[in-house]
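Here is what each chain is made of, one letter per residue.
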Amino acid sequence: MSTFADQVYLLGRRSVVRTIRQPANVVGPLIFPLLLLAVNSGGLRAETRLPGFPTNSFFAFALAVPFIQGALFATMNTGTDLARDIQTGFLNRLSLTPMRGIALLCGQLGGVVVLTIAQVAVYLTVGYIVGVRLESGLAGLVVIVLFAILVGLGFGALGAFAALRTGSGEAVQSLFPVFFVFLFISSMNIPRNLIAVTWFRDAATANPVSYLLEAVRSLIITGWDAEALALGFGLAGAITVVALALATWALRVRMAR
């Protein structure tokens, strides 16, 4: 167990260092979601005057979006880095050592966790600067961090699965527009109960991303919403379990080759 932990630590440290050495992998997940947040907050603030809108600050309402958008970047970073390891032969060289293959996956996802914590710190700091206060208090802050880590692990594992199956960084990056579509047909810009277009409301209701957003949003503007948190954590946990199972299977197949 100690040897396995050492392997995960070494590979996780490698993942973090490699991410830091590639500024685009850090700047993108931190800056791009905030830019989109600023644009949406400026253009859609009139929504707060709709009857039934849950807050008078659209920035507070939309602050949940960067958490999920940042997780999408985690998918790209994890998958692209792992695909590069496959293309350069690093994974093949690992197979000739006593290092366990699963340690590579855990180490890679360890890098995702570190980046996710940094993202949460930046997003909440920006929110605090513009006047957003968590209705759920300090305990809610802890829950948001844990939820963001869970979501990051799930999407990171999906990226790892795509990399292990295709062995191509380009194939992994092609998933980003697909995931982004799911973000835009969710409740990212308006509560589902206020969506007037029936087909869009139904699509947002069927979209699991809506419930991930609403879990974070409930902690920011509502306080403690048991239903929103149960749905958010339940779906995030299901995504993580399925993605980890797929990534583990794909890793076993790749290592066998």
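This report concerns the structure included in the present document. As the structure is a prediction and not an experimental result, all values here were calculated from the model. (Residues numbered from 1 in each chain as written. Predicted model: local features only at pLDDT ≥ 70, side-chain atom pairs only at ≥ 80, totals over all residues. Heavy atoms only, no water.)

For the rest of this paragraph, the subject is the packing of helix α2 (residues 23–43) against helix α4 (residues 65–88). Running from amino to carboxyl end, α2 crosses α4 at an angle of 155°, the nearest separation of the two axes being 9 Å. By the angle between their axes, α2 is roughly antiparallel relative to α4. Both α2 and α4 take part in a crossing whose hand is right-handed. Only Pro66, Gln69, Gly70, Phe73, Asn77 and Asp81 of α4 make contact with α2, whose side of the interface consists of Asn25, Gly28, Pro29, Phe32, Pro33, Leu36 and Leu37. (Axes fitted to C-alpha atoms, helices over the stretch in contact; angles between N-to-C directions. Helix = DSSP H or I, 4+ residues; strand = E, 2+ residues; numbered from the N terminus. Parallel < 35°, antiparallel > 145°, perpendicular 65-115°, else oblique. Left-handed = near helix turned anticlockwise from the far one by under 90°. Contact = heavy atoms within 4.5 Å.)

For Gln119, the position within the fold is in helix α6 (residues 101–129). According to the relative accessible area criterion, Gln119 is buried, its value standing at 4%. Aside from chain neighbours lying at most four places away, what touches Gln119 is Pro29, Leu30 and Gly70. (Buried < 20%, exposed > 50% of the residue type's maximum accessible area, 1.4 Å probe, protein only.)

If you walk through the whole model with that rule in mind, you get two salt bridges. A salt bridge links Arg84 to Asp81; its shortest N-O distance comes to 2.9 Å. Placement of the pair is Arg84 and Asp81 together in helix α4, with a separation of three residues, close to one helical turn. Owing to a relative accessible area of 32%, Arg84 belongs among the partly exposed residues under this scheme. A salt bridge links Glu214 to Arg192; the nearest nitrogen and oxygen atoms lie 2.8 Å apart. A residue pair is termed long-range when its members are at least 10 positions apart, and Glu214 in helix α11 (residues 208–222) and Arg192 in the loop between α9 (175–184) and α10 (198–206) qualify at 22 residues. For Glu214, a relative accessible area of 17% gives the class buried. (Salt bridge = Lys/Arg side-chain N within 4 Å of Asp/Glu carboxyl O.)

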